Each structure stands twice: as C-alpha cells, then as structure tokens.
Amino acid sequence: MKKGFLFLSILFLSVNAHAGAWAVTVHSRANCAGFNESITWHAGHSYYWRVESHHFPYGWSHPAHIVNTGKQYTWRAAAYHLNEAYANRGDKWFVRGYHFYYVDGRQIFDQVTEANDCNIYDGWWD
Amino acid sequence: MVGLRGFKMKKSIIFISILALNACYADEALDAKRAAWSKHYLEQQGLPAPDGGVKIVSVEKFNAREAEKTNLMKVRKDIKKYGYSPRESESARQLLALDVTAVRDLKAHANDLSPMQTHLRKRINDLRLAYIPTLIPSSIFDKYIGAAPAMTYNKEQGWTGSVQFFHNKSIGNCSLTEKNVPLNHSSAILEKDFVSYDVNNKVTIVEVIGKKTSGFSYTVEWYDNNFFRTLECANENYSQSYTTNAIEIAKTIDNQG
C-alpha cells in the first residue's frame, strides 16, 4: 500500500464556541458526524499556538495524514478535517492531538490528546 | 452428562477470556506503535516531543525563523535595559479586572456542579483533578479568589491541570497555573538567555511585560519532572521590587511540594 502523508493546514470556525473559560483546554475527537479534530483554546484569550492532529485509520500504526494549524496567534487553534469520519457508516479513525505553545524564549509541548469517539466528556461544550 | 456440559462451558469461557485478553494486548501494542511513530516524527522536526524533558539551547539552535530570533534578542535587550519588555500585556489587563470577572463567574455558575465544566470554583478542592494539586499557602494570599481546570479531562480521572487565582498584598492579583507533566507528557525547549534558576534551583524563566495602558504582568515559570508551573501577578505599575516579590511567591509555592 502506498504510504502518503497529506499535510493540511485547515482552520474552521464552528458556529458554537466551546472553550476553557479561565485557562487553556485541549481536546481531540474522532468520528464526529464527518470530522476528526484536535483543538487548543481559551475563550477570549489569544496566544501563539500550534496544533498537529494525527489521524490514524482503523488498525494503522502510522497516520494517513496530519492536519497542522501552523503557528498562529489565536484564542482557538483547531486542526480539523471535514468529511473524513462518519460513525454511522462504521468509520473508526483514531486521533492523536499534539498541542504546542510559544512564548518569548519558550517552545512548550503542552499535551498529547487522543480520541476514538466523539463523546463529549472533557469540557468540550463549556 | 451435566458434568461434561459444565466442562465444555468452562472451556468456552476460558477460550473467550483468552481472546479478549489478546485483543486488549493487541490494542495496547498498536497504541504504543502509534505513539512511537508520532513522537519520532516530532523529534525529527526539532520540536519538543512528548516526555522529552526540558532542553536549554542557544538562540542559534532555537527552532524559530530569523525574524522571531531577532525579536527574541530585542526582548532580551529591553528586559536588560528597562527591567521589562514594553508592550501591552493582556494577562495584566485580565488579572487587574479579576475582582469583577471572578465574582460574576462564580455567581453565574454557582449551581453548575458538573466536574467537566471549566468555570470558576471557590476552592481548588472543588475541582475533579487527576493529580494532587499544590495548595497555595495562606501566608501568600490575603484573599483566595477561585480555581478552574486546565488542559484536558481524562475519563474517570479528572483534569490534568488547573489555575488558581489569589491576591497578594505585596504585588496584586495573581494566578498560578499548574500542568501535570506525567499526565500531559509535556516537554519544553528554552532559549538559554531567558533561563535562570531562581526558584529553588529549578529551571526558571522570569519575564515582565507591560505598559501603563494595560498594566504590567510579572511572570515566573518554573519546570520540574512533575509540573510546569506559571505564576503571573499584575500591577498597574512597574517596579523591580514587584519582580523580586513574584520570585519569592513562586519559591514559597514550590516549597509546598
């Protein structure tokens, strides 16, 4: 099977804004009615962030592609891939998110997040 | 006959259990391969990678564009000259407004007891955390304002970070953000001219940013194997004594464990 890695930089603003209210929160979710994503956010507070979302098809040990926001100054850095993963047709992607933070003289790897479902359990809706 | 049926049932149960165990180990093995692939990929880019520790490098080796490096050197120069980097500080602005915003949030969400919501709570122990948080000693604050979660919520465990807000009479409103390193797999690459060891000989970064129009934020970040912690305090004015006070507050907090 030919291995190919597609690097995408996609920013997508969702209609409903859900974010950490007083501090940064980070999340991944998978097989969400069409999309896979990883996101870093803090409502109303902008920082220099970068998010890489590694998307693994079922059973794969390497990602089929990586969505990379690039470094940006924002309150919401979302590495989002639309029209990829539909739970109702049996898609079973696995998503790992890598969340980076940049400030004077520091490059911080904040957190790795992972998801194989779209269940809301980590403050996503707040 | 009953004995034979019972024996066959037992064999089936054992067989199914072995299958389930194999599936479990297969999932773990696959997950480990995925994690290893992604980590290697990040390391190849020269980026901080999961569980990569804290690395200190010179500006030449700092993985940033030339324009960013030039800006870094300007920031350092300004800090040496003025004691701070003269630019607007959004952090200072928000900390200075805390007396209003915190009261409003606590009141609006007083009845929202879900462990997964991210609004302010009265005490750090009101949060469901996946680790034991650092308690801010009463000697440090004359008013404890509240606490909120940070980072991510691990199923069945809780949040992997937190922020606490308090008022210290020697400087003003402060926040302590704490991120648990083992749970988050955090790491950092720091430019060496920003680094000191002010907080109990731990790798530390002290930075003051501000202007009269926004106020000044006094930031002390320090790193160890368990936590990445950031103390930020705000005052309308700049004074070297505020910088010193912030460092002392950080040291006292660090001594809590």
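Every chain's residues receive numbers from 1 upward, in the order its sequence appears when written. The naming scheme follows written order: chains are lettered A onward, ligands numbered 1 onward. In keeping with the model being predicted, local features are shown solely for residues with a pLDDT of at least 70 and side-chain atom pairs are shown and tallied solely at 80 or more, while totals for entire chains, interfaces and linings include all residues. Side-chain numbers come from the whole structure's heavy atoms, not from hydrogens or water.

**Considerations on the overall build of chain B**
Thought 1: Working definition: helices are DSSP H or I runs of at least four residues, strands are E runs of at least two. Numbering for both runs from the N terminus. Assigned secondary structure in chain B consists of six helices and nine strands.
Thought 2: Buried, partly exposed and exposed residues are distinguished by accessible area as a fraction of the type maximum, computed with a 1.4 Å probe on protein chains only: under 20%, between the cut-offs, and over 50%, respectively. When each of the 257 residues of chain B is scored for burial, the buried share is 45%.
Thought 3: A separation of at least 24 residues holds for 60% of the contacts in chain B among residues at least 6 apart in sequence.
Thought 4: Accessible surface, chain B as shown: approximately 13600 Å² in total, 56% of it carbon and sulfur. By definition, residues are in contact when any of their heavy atoms lie within 4.5 Å. Computed with a 1.4 Å probe, the accessible areas rest on the Shrake-Rupley method; for each residue, only the protein chains presented here act as cover.

**As for the overall build of chain A**
Thought 1: Each helix and strand counted, chain A has zero helices and nine strands in total.
Thought 2: Put simply, chain A runs from its N terminus to its C terminus through helices and strands in the order β-β-β-β-β-β-β-β-β.
Thought 3: Put simply, chain A has 126 residues, and 63% of those count as buried.
Thought 4: A fraction of 62% describes how many contacts in chain A between residues 6 or more apart in sequence connect residues 24 or more apart.
Thought 5: By element, 55% of the accessible surface of chain A is carried by carbon and sulfur atoms, the whole surface being about 5100 Å².

**Some points on the state of the cysteines**
Thought 1: Any pair of cysteine sulfurs within 2.5 Å is marked as a disulfide. Applying the stated criterion across every chain yields a total of two disulfides over all chains.
Thought 2: Paired by a disulfide, cysteine 32 of chain A and cysteine 118 of chain A hold their sulfur atoms 1.8 Å apart. The chirality of the disulfide connecting cysteine 32 of chain A with cysteine 118 of chain A is right-handed, given an S-S dihedral of about 110°. Residue cysteine 32 of chain A is located in strand S2 (residues 25-32), and its partner cysteine 118 of chain A is located in the segment after strand S9 (106-115); the two are separated by 86 residues in the primary sequence.
Thought 3: Residue classification places cysteine 118 of chain A among the partly exposed residues on the basis of a relative accessible area of 28%.
Thought 4: Through a disulfide, cysteine 174 of chain B is tied to cysteine 233 of chain B; the S-S separation comes to 2.1 Å.

**Observations concerning helix H2 (residues 66-82) of chain B**
Residue and element names in this part refer to chain B.
Thought 1: Each residue after the first adds 1.5 Å to the expected span of a helix. The end-to-end C-alpha distance of H2, which contains 17 residues, comes to 24 Å, matching closely the 24 Å that a straight helix rising 1.5 Å per residue would cover.
Thought 2: All of the buried residues in H2 are Lys69, Leu72, Val75, Arg76 and Asp78.
Thought 3: In this structure, the buried residues of H2 make contact with strand S5 (187-191) and strand S7 (202-211).
Thought 4: Residue glycine 83 follows H2 closely and has a positive phi angle near 90°.

**Considering the layout of surface pockets**
Thought 1: Note on definitions: the grid is 1 Å and covers protein atoms alone; a cavity is a set of points where a 1.4 Å probe fits but cannot get out; a pocket is an open set with protein on both sides within 12 Å along at least five of seven lines; lining residues have an atom within 4 Å of a point. Grid points are joined across faces, edges and corners, and a volume is the space filled by probe spheres set on the points. In this model, the second largest pocket occupies a volume close to 850 Å³.
Thought 2: Together, 33 residues line the second largest pocket, and Phe94, Arg96, Glu114 and Ala115 of chain A together with Asp31 of chain B are the ones closest to its centre.
Thought 3: Secondary-structure elements contributing two or more residues to the lining of the second largest pocket are S2, strand S8 (94-103) and S9 of chain A together with helix H1 (2-44) and strand S2 (143-154) of chain B.
Thought 4: At seven residues, H1 of chain B tops the list of elements feeding residues into the lining of the second largest pocket.

**Concerning the environment of arginine 96 of chain A**
All names here are of chain A.
Thought 1: Here arginine 96 shows up in strand S8.
Thought 2: Throughout this description, a polar contact denotes any pair of N or O atoms lying within 3.5 Å of each other; where both atoms belong to protein, one of them has to be capable of donating a hydrogen while the other can accept it, and for residues adjacent in sequence the pair is counted only when both atoms sit in side chains. One polar contact links arginine 96 to tyrosine 98, side chain to side chain, over a distance of 2.9 Å.
Thought 3: In this structure the side chain of arginine 96 is engaged in a polar contact, spanning 2.9 Å, whose partner is the side chain of glutamate 114.

**Considering the interface of chain B and chain A**
Thought 1: With 61 residues of chain B at the contact, the number on the chain A side is 47 residues.
Thought 2: Summed over both partners, buried area is the accessible surface (1.4 Å probe) that two parts give up on being assembled. Between chain B and chain A, the buried area comes to about 4100 Å², and carbon and sulfur atoms account for 56% of it.
Thought 3: Ranking the residues of chain B by area buried against chain A places Arg34, Trp37 and Met151 of chain B at the top, with a combined share of 16%.
Thought 4: Any carboxyl oxygen of Asp or Glu that lies within 4 Å of a side-chain nitrogen of Lys or Arg is treated as forming a salt bridge with it. Summed over the shared surface of chain B and chain A, the number is seven salt bridges.
Thought 5: Among the salt bridges present, the one from aspartate 110 of chain A reaches lysine 179 of chain B, with a minimum N-O distance of 2.9 Å.
Thought 6: For the interface between chain B and chain A, the tally reads 21 residue pairs in polar contact (both at pLDDT 80 or more).
Thought 7: When residues in the side of chain B that touches chain A are grouped by element, the largest group, nine residues, is from H1 of chain B.
Thought 8: Under the convention adopted here, Pro, Cys and the residues Ala, Val, Leu, Ile, Met, Phe, Trp and Tyr are nonpolar, Asp, Glu, Lys and Arg are charged, and Gly plus all remaining residues are polar. Broken down by class, the residue content of the side of chain B that touches chain A amounts to 34 nonpolar, 16 polar and eleven charged.
Thought 9: Note: two strands are recorded as paired if DSSP finds a minimum of 2 bridges between them. By the bridge criterion, four bridges tie S9 of chain A to S5 of chain B in an arrangement that is antiparallel. Bridged to arginine 106 of chain A within S5 of chain B is leucine 190 of chain B.

**Focus: the environment of valine 103 of chain B**
Thought 1: Secondary-structure assignment places valine 103 of chain B in helix H4 (residues 98-108).
Thought 2: Taking relative accessible area as the criterion, valine 103 of chain B reaches 49% and is therefore assigned partly exposed.

**Let's talk about the nonpolar core**
Thought 1: Judged by nonpolar contacts, the single largest core of 38 residues is most densely connected at Trp22 and Ile108 of chain A together with Leu98, Phe165, Leu190 and Tyr223 of chain B.
Thought 2: If we ignore the near neighbours within four places in the chain, the residues touching isoleucine 108 of chain A are His99, Phe100 and Tyr101 of chain A together with Pro48, Ser187, Ala188, Leu190, Tyr223 and Phe228 of chain B.
Thought 3: Among buried residues, the Ala, Val, Leu, Ile, Met, Phe, Trp, Tyr and Cys ones that are joined through side-chain atoms within 4.5 Å form a nonpolar core. Core analysis: the second largest hydrophobic core is formed by 20 residues, Tyr84, Leu176, Val220 and Ala250 of chain B among them.

**Overview of the pairing of strand S3 (residues 34-41) of chain A**
Residue and element names in this part refer to chain A.
Thought 1: Buried residues dominate S3, accounting for eight of its eight residues.
Thought 2: Where S2 meets S3, six bridges bridge the pair, whose relative direction is antiparallel. Looking at S3, one finds that valine 26 is bridged to threonine 40.
Thought 3: Two successive antiparallel strands, S2 and S3, enclose a turn made up of one residue, where alanine 33 displays a positive phi of approximately 50°.
Thought 4: With seven bridges joining them, S3 and strand S7 (residues 76-85) adopt antiparallel strand pairing.

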